[in-house]
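# Fold and geometry: a report
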Amino acid sequence: MQIPVPRVPRQPAPMRAETDARLTAELASVVAGARRRALRDGDRQVDTAHLLHSLMEADAEVRGVFDGAGQVARVLGYLVQRSIGYGLRWQGSVEGSGRVPMIRDTEVAGWSPSASAAMEGALERAARRGEPRATGLDLLGAIAADRDCRAAEVLERAGVDPAWLAGRIGELSQQV
């Protein structure tokens, strides 16, 4: 009789060192949390829903952009459901959106094309503001701008319009 050996999922790879250096300490912590969540969920890649979940848990500024505590609670509720079953249909598949080509120069091993594009988008948003490092709001804005990513699906199911959220983040960025 053979005893089955449990399969240990590989940890999603970190972003490139040059990318990590361009994140605030808070956002670097969010990224590390998303990696841990992907590993714990048994996912091969960090996707935008992992990033959104980590952002919602760790960044008060991100939670402050939403329309009240009820909206935050609904989003977190869907994200928790994702880890206990809602997202099972995503396991084993690669997140890619219609806006993000499946093969990109910015693609990182262990990251879905959409998550990789969201990180690049966050860096671009920070650069447009003249900031050397991206923040959680930069990442949330990039995620919300991709209507076809998994995080946008979670937002919509929780009653949050990603376009409204992206616009609200844009307004806040102009006020700074």
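We now turn to the structure provided with this report.

Here we come to the nonpolar core. Formed by 41 residues in total, the largest nonpolar core has its most connected members in L52, F66, V75, L139 and L165. Broken down by secondary-structure element, the contributors of at least two residues to this core are α2 (25-41), α3 (48-58), α4 (60-65), α5 (69-84), α6 (113-128), α7 (136-145), α8 (150-157) and α9 (162-175).

How two helices sit against one another is set out by the angle between their axes and by the gap between those axes. Two numbers describe how α3 lies on α8: the axes approach to 6 Å, and their chain directions differ by 55°. Put simply, α3 runs oblique to α8. Within the contact between the two elements, α3 uses T48, A49 and L52 and α8 uses R150, A151, V154 and L155. Across the contact of α3 with α8, the residue classes break down as 5 nonpolar, 1 polar and 1 charged.

What follows deals with the packing of α6 against α7. Where α6 meets α7, the axes come as close as 8 Å, and the angle between the chain directions of the two elements is 125°. Taken together, α6 and α7 sit at an angle that is classed as oblique. In terms of crossing hand, the pair formed by α6 and α7 is right-handed. Residues A118, M119, G121, A122, R125 and A126 of α6 touch α7, and the partners they reach there are D138, L139, G141, A142, I143 and A145. Here the contact of α6 with α7 is built from residues that sort into 8 nonpolar, 2 polar and 2 charged.

Right, let's talk about the environment of S29 for a bit. Structurally, S29 is set in helix α2. Along the sequence, S29 and S54 sit 25 residues apart, while their C-alpha atoms lie 8.7 Å from each other.

Parameters and conventions
Residues numbered from 1 in each chain as written. Predicted model: local features only at pLDDT ≥ 70, side-chain atom pairs only at ≥ 80, totals over all residues. Heavy atoms only, no water. Core = buried A, V, L, I, M, F, W, Y, C linked by side-chain atoms within 4.5 Å. Buried < 20%, exposed > 50% of the residue type's maximum accessible area, 1.4 Å probe, protein only. Helix = DSSP H or I, 4+ residues; strand = E, 2+ residues; numbered from the N terminus. Axes fitted to C-alpha atoms, helices over the stretch in contact; angles between N-to-C directions. Parallel < 35°, antiparallel > 145°, perpendicular 65-115°, else oblique. Contact = heavy atoms within 4.5 Å. Nonpolar A, V, L, I, M, F, W, Y, C, P; charged D, E, K, R; others polar. Left-handed = near helix turned anticlockwise from the far one by under 90°.

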